[in-house]
Amino acid sequence: MRAPDPDGGGFSRPGAQAYAAEWARAVRRIGFVPLSAAETERLLLVHTVRLGQALLAPAFSADAAEDVGRALVEAHLTEPGVLDWSVQALGDRFLPWVVASRAEQPEARERVAALQGALAAGFARALRDRTFSQQERIARSAWQARDAVEQALRDSEARFRAVFTGAAIGIGIADMDGTILEVNQSFADMLGYSAEELREINVAALFHADDAAGMWELYQELIEGKHDSVRVEKRYYRKDGSTVWTDLAVSLIRYDDGRPRFTVAMIEDITERYELQQRLRFQALHDPLTGLPNRTLFFETLGRVFGTAGPEQRVGICFIDLDGFKAINDSLGHDLGDRLLKVIGRRLADSVSGQGHLVARMGGDEFVILVDSDGGLDDAVEVAELALAAVSAPVHVGDQQLAVSASIGIVECPAAETSVSELMKAADITLYWAKAEGRGRWAVYDPERSAADIARSALAAGLPAALDRGEFVVHYQPIVSLLDESMVAVEALVRWQHPELGLIGPDRFIGLAEETGLIVRLGAWVLKQACRDAESWRRAYPATRLVVSVNLAARQADDPGIVETVAEALQHTGLPAELLQLELTESAVMGTAGEPLRSLRRLAGLGVRLAIDDFGTGYSNLAYLRRLPIHCLKLAGPFVEGIRADGTDGDHRDERIVDALVRLAHALELWVTAEAVETEAQAERLRALRCDTGQGRWFGAPMPADRIRARLAGGGKAA
Ligand code: C2E
Ligand code: MG
Ligand code: MG
């Protein structure tokens, strides 16, 4: 064999270059090559020459081919296809090209086979070596990484330990059975146990009957995995029995698959904050003087009752107001007043204590009891009775002994039918009724009465405008001589021509007008109207000398301007004073000061007549009749009613009274008018009893002014 001669026959440089180029093309076709085409060709040319030299070397060795196989791998030409092509091409193309037409071909074929094997072996070894080293590198870095993680874990564990043991917050870990696995020192300290003692305790033992409702259920739901954490304010009993209030947060730690694993509880001692909050809350919800719940707490509680009321639930309150407390306060001073309120507050609370009722002070001398029972109105009344009894026992404050009473408004009804504000309004109205009915008593709310009250108030509110709009009219009722039934006078009786309600009688609005004071203006208007009508009748029928009798309410008679009002009415209309009679009831005559009104003499001085209306129903203090300038008594209707033709007035008592009154009046030189004469028989008896005049439906109902005029035209007899 000849020495390799790249430039020699069959192994020329261009030939080697051509082979290397084809090899490079094949390699690049087979897979990714991290070299440029020229670099690949250059590299493979070196290997082509080495393989050629090895093939032609006099002393054959396949080592070069093994090197070439290894070199391919080192150049990252590691695709299996590269090896296949390289090995196959050695037989198919390389051999024919290098040893073309040479006699040594059979020997060369053996050498090529050896080279093929060596190249494959070199390639495989290099590949294996590379894989090993790669694996080793991976393993090494994996080990390094694990070391780092473990170190980090150790660090974090150490940090966690430090936090766990040193935390001011108590931390405890329990398993799902509630066994405490671990607690830190703060946890143990807060509960007054050692950490070891706590490990013997089950979480369940730390719950207490006094815990807020639902707390245990919440914990159960947490360990069932329904929540990831819960947070509550909870009290614990320390080992020594004292209480510690905590802000407790419990978190659930799960396994990777989500199953609950541990609970971690963190507790913070908030006892001081809690107690301060409680103190502030108590102050906000209690009256500082009596220590009773205040109106805020009362309304909070009442709101809760309404909020949770079922359809059947009833609600009852007793609204209490001391009678005349203002006078006590004013006369004895606020200090004693306060002490009295304290005593009363305590008594009220004691009187119903233990029955679940809430006693609150609403302010001033007002208290309220929220009745907690299913007993309906009976229970509410019983509570009110107890409260009245508690208040009425004498109170000793300082060296004073005070007798106190209270009035109570009771409201008791289905919760669904009312609201907080309606309930309180009803209680207020009812309290007012109790006061109006004489104090020292209870009254029960009655919706119908309240509706009537409201209608009354609406009517009262409409009075002034009605007067301005001229909605009032005056009707006149004849007063006739019982001797000959001639009309000697008429009584002026006012009516309200209401635009919606029709003609309203005075019984429905005179009382309201008195309460509101409007009676002074209304009365003056009636007086003037009556005088005007009477004067027009006088002008038309001067001979009849018809008297007009006008009612004066107590409040009017008491008014300082009454004498001027009457004088002015007479002057304005021109009616002679002696044709005007003023009717006053006995109580009006006595006035508010309890003695006969001074203005009566001055009125009499004007020359007008004065009559006592409804005589016999009021004071009946006959003594004053003697001293007053009275002209006439009007016997009240009920006496006249008792006079019956059928004699059913068994012992004729009313008749005997009328008889006596007529005699008395005549003895005092007073006229007597019998009111409400309804039958001929009554008229007969009254005439027999020497009553002077009569008034009533028998002689004519109240009628408009023009009917009186018509009657005058007819000679004064009933038309
Ligand atoms: P009074 O002054 O006692 O008036 C008599 C009342 O008896 C009138 O009622 C009259 O309609 C009624 N009466 C008439 N005939 C009969 C009868 O046969 N039987 C019965 N049972 N009653 C009869 P009226 O008009 O409803 O007046 C009621 C009260 O209103 C009056 O009672 C009077 O106190 C008051 N009043 C009426 N008008 C005025 C007024 O202008 N000013 C004042 N202050 N009060 C008035
Ligand atoms: Mg009258
Ligand atoms: Mg009368």
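Residues numbered from 1 in each chain as written. Chains lettered and ligands numbered in written order. Predicted model: local features only at pLDDT ≥ 70, side-chain atom pairs only at ≥ 80, totals over all residues. Heavy atoms only, no water.

For the protein chain, the name recorded in an unreviewed UniProt entry is EAL domain-containing protein, with Micromonospora solifontis as its organism.

One open sheet accounts for five strands, arranged β7-β8-β6-β11-β12; its pairing is mixed. In this open sheet, the two edge strands, each paired with only one partner strand, are β7 (358-363) and β12 (442-444). The mean angle between the axes of side-by-side strands here comes to 20°, regardless of whether they run parallel or antiparallel. Here β7 runs beside strand β8 (residues 366-371); their pairing, made up of five bridges, is antiparallel. Paired with alanine 360 across the bridge in β8 is valine 368. On top of the sheet, helix α13 (residues 376-392) reaches β6 (314-322), β8, β11 (406-414) and β12; it is set at about 165° to β11, its chief contact. (Pairing = 2+ DSSP bridges. Helix = DSSP H or I, 4+ residues; strand = E, 2+ residues; numbered from the N terminus. Axes fitted to C-alpha atoms, helices over the stretch in contact; angles between N-to-C directions. Contact = heavy atoms within 4.5 Å.)

For the magnesium ion (ligand 3), the full set of protein donor atoms is Asp613 (OD), Asp614 (OD), Glu675 (OE) and Glu675 (OE), and the range of their distances to it is 2.0 to 2.7 Å. In this structure, the magnesium ion (ligand 3) lies 3.8 Å away from the magnesium ion (ligand 2), the two metals sharing aspartate 613 as a donor. Judged by relative accessible area, which is 8%, aspartate 613 ranks as buried. (Donors = N, O, S within 2.8 Å, 3.2 Å for Na, K, Ca; no water. Buried < 20%, exposed > 50% of the residue type's maximum accessible area, 1.4 Å probe, protein only.)

So, about the domain arrangement of the protein chain. Domain parsing of the protein chain yields domain 1 (13-135), domain 2 (167-275), domain 3 (286-445) and domain 4 (467-713). One C-alpha centre belongs to domain 3, the other to domain 4, and the line joining them spans 47 Å. (Domains from an automatic or database assignment.)

Turning next to the pattern of salt bridges. Going through the model one piece at a time under the given rule, you end up with 41 salt bridges. For glutamate 107, the salt bridge identified is with arginine 111, shortest N-O distance 3.7 Å. Within this pair, glutamate 107 and its partner arginine 111 are both found in helix α5 (residues 105-166), separated by four residues, close to a single helical turn. The partly exposed category is assigned to glutamate 107, whose relative accessible area is 38%. Residue arginine 111 is classed as buried on the basis of its relative accessible area of 6%. Of the charged contacts, one joins arginine 161 and glutamate 157 as a salt bridge, the two residues approaching to 3.8 Å between their closest N and O atoms. Residue arginine 161 and its partner glutamate 157 are located together in helix α5, separated by four residues, close to a single helical turn. With a relative accessible area of 33%, arginine 161 lands in the partly exposed category. Residues joined by salt bridges that share partners form a network here, namely Arg70, Arg128 and Asp129. (Salt bridge = Lys/Arg side-chain N within 4 Å of Asp/Glu carboxyl O.)

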